[in-house]
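Chain and residue survey
Spelled out from the first residue to the last, the chains are:
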Number of protein chains: 2
Amino acid sequence: MELDQRKLQILRAIVDEYILSASPVGSKALSQSGMKWSSATIRNEMADLETLGYLAQPHTSAGRIPSEKAYRLYVDQMMQRAHLSDEESKLLYGYFREHVHGVDAVLRSTAKALSEITHYTAVVMMPDIGVNRLKHLQLIPLMPGKALAVVVTDAGVSQNTVIDVPEDIGPEELDRISKAITARFSDCRMSTVSSKLVRELGGELSARADFVESLLLTLCENQSSDRRMVELSGATNMLEYPEYSDVNKAKTFLATVEQKDSMYRMLKKASNMEFTVTIGSENEQEGFQDCSVVTASYRVNGTPVGSFGVIGPTRMDYARVLSILKNVQTNLGTVLQSFLKEE
Amino acid sequence: MELDQRKLQILRAIVDEYILSASPVGSKALSQSGMKWSSATIRNEMADLETLGYLAQPHTSAGRIPSEKAYRLYVDQMMQRAHLSDEESKLLYGYFREHVHGVDAVLRSTAKALSEITHYTAVVMMPDIGVNRLKHLQLIPLMPGKALAVVVTDAGVSQNTVIDVPEDIGPEELDRISKAITARFSDCRMSTVSSKLVRELGGELSARADFVESLLLTLCENQSSDRRMVELSGATNMLEYPEYSDVNKAKTFLATVEQKDSMYRMLKKASNMEFTVTIGSENEQEGFQDCSVVTASYRVNGTPVGSFGVIGPTRMDYARVLSILKNVQTNLGTVLQSFLKEE
DNA sequence: ATTAGCACTCGAAGAAACGGAGTGCTAAAA
DNA sequence: TTTTAGCACTCCGTTTCTTCGAGTGCTAAT
């Protein structure tokens, strides 16, 4: 069944109001604030909307609150994009002017910016290094038997790993091996480096084939485990909202959000999509049944390498959050691009 | 005025009990649980202890709770060192067996271990790189005009910084400069590297004096700002305790603990001391007036380079926490030492 | 089709009543 | 002189009861 114009208008007003106030919306209040129908009419419409599943009543004599179905409709069709004030977008831009010490710092800054501006919780996943191209590998001697491997990709991401080295390889040889690998695999995707190697080894590296192979293996392994990092910011913002005035609710939320693995999985899944909005029980993540998650992906060199998002109560200000995410997405793209002017 | 034996015994019992239960301790309960005096006697002694400032009454007709003065006395003189069960110390040791990918990972693991075992909040400061000796500097070309500087010290700590490079310096020259600096300043304290340089420059680096100087300056700056890192773990553990069942209290605590700068300052100050116990209002840190902080320092090569600690309610289990810290201190020392077998 | 009017519902907030743990004091016992 | 039993009293936390009001559904008038 289709909703007529009036129902839509009323529903929107209710959602808007509830997002603001967090308390059930009554017919009287609505009719007084710029609605052109009497409270009785609105009351009738509200009853209809309830039977249609868009509204719910906490108890008989309370106002109505939007259901998830209502939010879904709101997000898909009804909300009008908020646009950020100049002030806000300048503020946002400011976060990206500072901290240009590398990709990690930028993404950390992004998380902070998001959480501070939205007042919700922000998560940002570090770029998936596997899809990027190797630029440089450098092995730095630490002590006999140990070295530090530094990997740089075209996205500027670097990753340090302590690796074991046969004791008889000296600093000079480490340096030579670094150069050889860099030369050989420059511009290859990280994910293909190891398998490629096994086949085409030969040449100067063959004497150290075992070592090199285990080295690359370690790096790849590390990429998939250690890189599963998400930057979290503003988790405690949620304590501001009445939804979390109960300590136990708050605890559950905080515990969920601190499971970096889950957050990573969630963001990873969302990184193919330009934007996603997941409302309440649509969330697979246990513990987010009362939250909504809005994400956006970011790309480097045209390839989507990661995503970031905002987590808030289901009554979050979707329009505003989406505008902010869009803005951040653009800014982030620009900044990351600046790490690789060449190419 | 001195406290006689009986007063001490009663006070200890009260503190022990209150640490466990978090609710005011009454005379009757005490006399029944193994005290050899009647409730009336205990009641009299409690009244004395109150006038002496060791106990407080939330209201007439409630039991007594220990004052900060009481905790101080308890920590300084009365508590008996708990010793960890074999299970626990094995568990603790386990945290150090895993994650041996470098100092950062170890300290992150330390924070996690501390918070999980104590059920309080743990903070660990990253080692102060300035007091360590440079082992290796490597500049890795990122793109024309940018490079990544990787610094390795004798503690195995590495730090990555993106730096600007004059466009006319190619990869080969960067490599040469890296080697030259490494050769020249190997085994110098990081904090002395920059000043030393200005005077003794000359030689092969002189052609690039400007660049090298700004490079080292940047590194030092970065060391003092970016390195001010603390690893935080288990902040939400505090929500388990009745002291924080009020969301606002919780919020204040979480906000405080997330100010990494303050946490760093706190730990830095404590890093000269083997152990510290700071109770309630003894804390300078605003927001910790209802908490206690227990810290321990850790050393590398005999030099104290950092510290770590546990933050909990003032009624924390000091004995247990101190034992755990001591244990961790030992473990951490061993592990860090293993990063520098040589020397 | 819309709206005014009205009786009804039900939670939130406040008031009153209760129970009990704990105290301080006094007088007896050790 | 010190310890302890006994007792009246205090005050908090809890429960129960009341009140209040925002909001509803229904009906009848517009």
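See the structure printed just above.
For clarity, every value in this text was computed on a predicted model and none was experimentally measured. (Residues numbered from 1 in each chain as written. Chains lettered and ligands numbered in written order. Predicted model: local features only at pLDDT ≥ 70, side-chain atom pairs only at ≥ 80, totals over all residues. Heavy atoms only, no water.)

1. What about the protein's contact with DNA strand C?
Of all residues adjacent to DNA strand C, which total 18 residues, the nearest are T41, T60 and S61 of chain A together with S27 and R64 of chain B. Within 4 Å of the protein, the atoms of DNA strand C are drawn from sugar and phosphate moieties in a proportion of 76%. In the environment of DNA strand C, a phosphate oxygen lies 3.1 Å from a nitrogen or oxygen atom belonging to the side chain of R6 of chain A. Contact distances for DNA strand C include 3.3 Å between a phosphate oxygen and a backbone N or O atom of S38 of chain A. Among the elements of the structure, helix 3 (39–51) of chain A together with helix 3 (39–51) of chain B are those that each provide at least two residues to the surface near DNA strand C. The greatest single-element share of the surface near DNA strand C, amounting to four residues, is contributed by helix 3 of chain A. (Near = heavy atom within 4 Å. Polar contact = N/O pair within 3.5 Å; in protein donor to acceptor, adjacent residues only side chain to side chain. Helix = DSSP H or I, 4+ residues; strand = E, 2+ residues; numbered from the N terminus.)

2. Describing the interface of chain B and chain A
Across the boundary between the two partners, chain B contributes 32 residues, which contact 32 residues of chain A. Buried surface at the junction of chain B and chain A, summed over both partners, amounts to about 3,000 Å²; 64% is from carbon and sulfur atoms. If you look at where chain B meets chain A, you find four salt bridges. The salt bridge involving K251 of chain B is made with E240 of chain A; its shortest N-O contact spans 3.5 Å. For the pair chain B and chain A, the number of links is four residue pairs in polar contact (both at pLDDT 80 or more). Those elements that provide at least two residues to the side of chain B that touches chain A are strand 4 (134–143), strand 5 (146–153), strand 6 (158–164), helix 7 (171–185) and helix 10 (247–257) of chain B. Here the side of chain B that touches chain A is built from residues that sort into 15 nonpolar, nine polar and eight charged. (Contact = heavy atoms within 4.5 Å. Buried area = accessible area lost by both parts, 1.4 Å probe. Salt bridge = Lys/Arg side-chain N within 4 Å of Asp/Glu carboxyl O. Nonpolar A, V, L, I, M, F, W, Y, C, P; charged D, E, K, R; others polar.)

3. A word on unusual backbone geometry
Residues and elements named next belong to chain B. Positioned with a positive phi, A22 is a non-glycine residue whose angle comes to about 65 degrees. At D187, a position not held by glycine, the phi torsion is positive, near 75 degrees. Given a relative accessible area of 39%, D187 falls into the partly exposed group. (Buried < 20%, exposed > 50% of the residue type's maximum accessible area, 1.4 Å probe, protein only.)

4. Some points on the relation of the copies chain B and chain A
Expressed as a screw operation, the relation of chain B to chain A combines 0.0 Å of axial shift with a rotation of 180 degrees, fitting to an RMSD of 0.1 Å. Classification of the inter-copy transformation places it as that of a two-fold axis. In terms of proximity to the rotation axis, the leading residue of chain B is V247 of chain B, whose C-alpha is 3.0 Å off the axis. The share of interface residues of chain B whose copies in chain A are also at the interface is 100%, consistent with both copies meeting through the same surface. (Least-squares fit on C-alpha atoms with pLDDT ≥ 70 in both.)

5. Observations regarding the protein's contact with DNA strand D
Taken together, the neighbourhood of DNA strand D is formed by 19 residues, with S27 and R64 of chain A together with R6, T41 and S61 of chain B sitting nearest. Backbone atoms, meaning sugar and phosphate, make up 75% of the atoms of DNA strand D lying within 4 Å of the protein. Between DNA strand D and R6 of chain B there is a distance of 3.0 Å, counted from a phosphate oxygen to a side-chain nitrogen or oxygen. Within the side chain of T60 of chain B, an N or O atom sits 3.4 Å from a phosphate oxygen of DNA strand D. Among the elements of the structure, helix 3 of chain A together with helix 3 of chain B are those that each provide at least two residues to the surface near DNA strand D. Sorting elements by how many residues they give to the surface near DNA strand D places helix 3 of chain B first, with four residues. Residue composition of the surface near DNA strand D, grouped by class: four nonpolar, 11 polar and four charged.

6. Topic: the packing of aromatic side chains
Residue and element names in this part refer to chain A. Under the defined criterion, the tally for this structure stands at 10 aromatic pairs over all chains. Members of the aromatic cluster, joined through ring pairs, are Y244, F253 and F288. The cationic tip of R6 hangs over the ring face of W37; the distance from NZ or CZ to the ring centre is 5.7 Å. (Phe/Tyr/Trp six-rings, centres within 6.5 Å; stacked < 30°, edge-to-face > 60°. Lys NZ or Arg CZ within 6 Å of the ring centre and 35° of its normal.)

7. A look at the side chain of S109 of chain A
Residues and elements named next belong to chain A. Inspection of the secondary structure assignment puts S109 in helix 6 (residues 103–118). Here S109 falls in the buried class, since its relative accessible area comes to 6%. Polar contacts involving the side chain of S109 include one to the main-chain carbonyl oxygen of Y95, which spans 3.0 Å.

8. Some points on the sheet that holds strand 4 (residues 134–143) of chain A
The pairing of strands in a sheet happens through backbone hydrogen bonds and is either parallel or antiparallel. Residues and elements named next belong to chain A. Spatially, three strands are ordered 4-5-6 in an open sheet, and the strand pairing comes out antiparallel. Each end of this open sheet is capped by a strand with a single partner; those strands are strand 4 and strand 6 (158–164). Averaged over all pairs of adjacent strands, the angle between strand axes in this sheet comes to 20 degrees, irrespective of strand direction. Where strand 5 (residues 146–153) and strand 6 come together, seven bridges link them in antiparallel fashion. Bridge pairing in strand 6 links A147 to I163. Across the face of the sheet, helix 7 (residues 171–185) comes into contact with strand 4 and strand 5 while running at roughly 165 degrees to strand 4. (Pairing = 2+ DSSP bridges. Axes fitted to C-alpha atoms, helices over the stretch in contact; angles between N-to-C directions.)

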